Every structure is written in structure tokens, then in C-alpha cells.
Amino acid sequence: MNERTTRTRRRGDELIKAIHDAALEEVVAVGAGRLTMDGIARRAATPRSTLYRRWSDPIEVLLDALYHQHPVEEPTPGATDLRGDLIRSLRLMVEWAFSPAGRAVSAILTDPKSVALMSEALFERVFASRGGTFTRTVLQYYADRGHFPAALLTPVVADIGEALVTKHLIDAGAPSDDYLAAIVDQAILPAIGLRPGP
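Let me sum up the structure you'll find in this document. Only a predicted model underlies this, so the values are computations on that prediction, with no experimental measurement involved.

1. Comments concerning the side chain of His168
Part 1: Take His168: it is sitting in helix α10 (residues 155–172).
Part 2: Using a relative accessible area of 18% as the deciding quantity, one classes His168 as buried.
Part 3: Each residue touching His168, except ones within four places of it in the same chain, is listed here: Gly173, Ala174, Pro175 and Tyr179.

Laid out in C-alpha cells, this is it:
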């Protein structure tokens, strides 16, 4: 089977995923400012014209890839385990940080040219469209159901967990589950007026 045959047989979701994966790999390799349709198409082993049928430019391909590969925490039905849901949301963030999408976002946010080009669209079209950051999804879910006053869910409080995880990732690598639990017990829960867990 040659490359031409392989290209013609990919369709639908399989082809879209290949293009998304290629965009994430390409931005890590070259940065958002040097991202091109040619580079993405080459990595995806598909004609450039295939990309133009769906997207207008390489940044649009990248944003679409990041949107579809950004995980969303699903809180416990019935809102019965705030502490556990917060810990799971931080664990999900750690797993995402080491995924292709997480590495792509890290490459974007640590490159001044990429930040200038993409930061606003990244937050509006990926993070906000997917429910915000990881712990915010959980905290909003529980606040809406009266588990703590919604007024306490300020932007600072919503960012505490992600900020501490990001610092640990930079300083020492992936945090342990015990460290994630400590973030919840010592920082997030007290900030919304609740006693820490065991």
C-alpha cells in the first residue's frame, strides 16, 4: 500500500483527527507564528487542499484541534463529592498537560510571538467555550447547586488550583495525588468557606 492509497482511504473523523494531531505537533515544532497549511498537511500526509475545504488558515486548524482535544471535567451527578471532584479535575489537568494538546498550549504560552498571535483566541474559543479551566467547571457546578455562595467564586479563587499545579509542573514535574489533595484542602476549599477534607 503506497502513501497515495493511504491518503485516499482516510475519511471523516479519522482524517480530521490526523489533521488535528498534525497541527498540534507542528506548533510545538515551529511555533504559531510559523505554522502553515503546508506544514500541517505534510505531517498529516494529506493534500493541502483538504485543509482548505474546512479551515481558512493554519491558526483555525490549530484552534479547532485544541478545542476538540481539551478535556472537560464532569462533576459527580447530584453534586455529592466536591472534594473528590476537585482532586479529579486537577488530576485531569496534569494528564492534559502531558498530552499533545497540553504540550501545544505550553509551546504557545511560552513563546512571546505565539502568545501575541493566539492568546485571546485560545482563551475565548478553547478554554471558555469548553466550560473554563478545570476546577472552575467543578466549582461553578457546586455553586449553582447551593453548596457555597456563588459570590465566593472569584476569578482568583477559580485559578488557585491551576496556578499551583502549573507552578509544580514547572518546578518539579507532575504532582502526586497527595499534593493535588493538599491543594484542594489547603487552598481551594478554605477559599470558598468550606472545611478541608481528611
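Here the narrative resumes.
2. Observations regarding the pattern of salt bridges
Part 1: All chains considered together, the criterion is met by 10 salt bridges.
Part 2: One salt bridge connects Arg48 with Asp38, and the closest N-O pair in it is separated by 3.2 Å. Taken together, the positions of Arg48 in helix α4 (residues 48–52) and Asp38 in helix α3 (residues 37–44) put the pair 10 residues apart, joining distant regions of the chain.
Part 3: Here Arg48 falls in the partly exposed class, since its relative accessible area comes to 42%.
Part 4: In this structure, Arg83 engages Asp185 in a salt bridge whose closest nitrogen and oxygen atoms are separated by 2.8 Å. Of this pair, Arg83 sits in helix α6 (residues 82–97) while Asp185 sits in helix α11 (residues 177–191), placing them 102 residues apart in sequence.
Part 5: Through salt bridges with shared partners, one network takes in Glu25, Glu26 and Arg43.

3. Topic: α10
Part 1: Given a rise of 1.5 Å per residue, 18 residues ought to cover 26 Å, and the 26 Å separating the end C-alpha atoms of α10 matches this to within 8%.
Part 2: Where α10 bends most, at Gly161, the angle is about 35°.
Part 3: Check the buried side of α10 and you find it contacts α6, α9 (134–144) and α11.
Part 4: Phi for Gly173, located one or two positions after α10, is positive at around 90°.

4. Description of α3
Part 1: Listing the buried residues of α3 in full gives Met37, Gly39, Ile40, Ala41 and Ala44.
Part 2: Considering only its buried residues, α3 is in contact with α2 (12–30), α4 and α5 (58–68).
Part 3: Positive phi appears at Ala45, one or two residues downstream of α3, with a value of about 55°.

5. Focus on unusual backbone geometry
Part 1: We note that Ala45 has phi near 55°; this positive angle belongs to a residue other than glycine.
Part 2: The backbone of Ala79 shows a phi angle near 55°, a positive value even though the residue is not glycine.
Part 3: Mapping Ala79 onto the fold places it in the loop between α5 and α6.
Part 4: Assessed through its relative accessible area of 3%, Ala79 is described here as buried.

6. Notes on the layout of surface pockets
Picture a little ball the size of a water molecule; that probe, rolled over the atoms, points out where space is still empty.
Part 1: Put simply, the largest pocket is a space of about 580 Å³.
Part 2: Around the largest pocket, the lining comprises 22 residues; the ones closest to its centre are Met93, Trp96, Val105, Leu109 and Thr166.
Part 3: Going through the elements one at a time, α6, α7 (100–109), α8 (112–127) and α10 are the ones with two or more residues in the lining of the largest pocket.
Part 4: Ranked by the residues each element gives to the lining of the largest pocket, the list is headed by α10, at six residues.

Criteria and cut-off values
- Position labels on residues start from 1 in each chain and follow its written sequence.
- Local features in this predicted model are restricted to residues whose pLDDT is 70 or higher, and side-chain atom pairs enter the listing and the counts only when it is 80 or higher, whereas totals over whole chains, interfaces and linings include all residues.
- Hydrogens and water are ignored here; the side-chain numbers use all heavy atoms of the structure.
- Helix and strand definitions here come from DSSP, where helices need a minimum of 4 consecutive H or I residues and strands a minimum of 2 consecutive E residues; each element is numbered from the N-terminal end.
- Per-residue accessibility, obtained with a 1.4 Å probe over protein chains only, is compared with the maximum for each type, and a residue is labelled buried under 20%, exposed over 50%, and partly exposed between these values.
- Residues are treated as being in contact if the distance between any of their heavy atoms lies within 4.5 Å.
- Whenever Lys or Arg places a side-chain nitrogen within 4 Å of a carboxyl oxygen from Asp or Glu, that contact is recorded as a salt bridge.
- How far a helix is expected to stretch is found by multiplying one less than its residue total by 1.5 Å.
- To get the bend at a given residue, fit one axis to the seven residues ending there, fit another to the seven starting there, and take the angle between those axes.
- Put simply, the grid is 1 Å and covers the protein atoms alone, a cavity is a trapped set of points that fit a 1.4 Å probe, a pocket is an open set with protein on both sides within 12 Å along at least five of seven lines, and lining residues have an atom within 4 Å of a point.
- Grid points are joined across faces, edges and corners, and a volume is the space filled by probe spheres set on the points.

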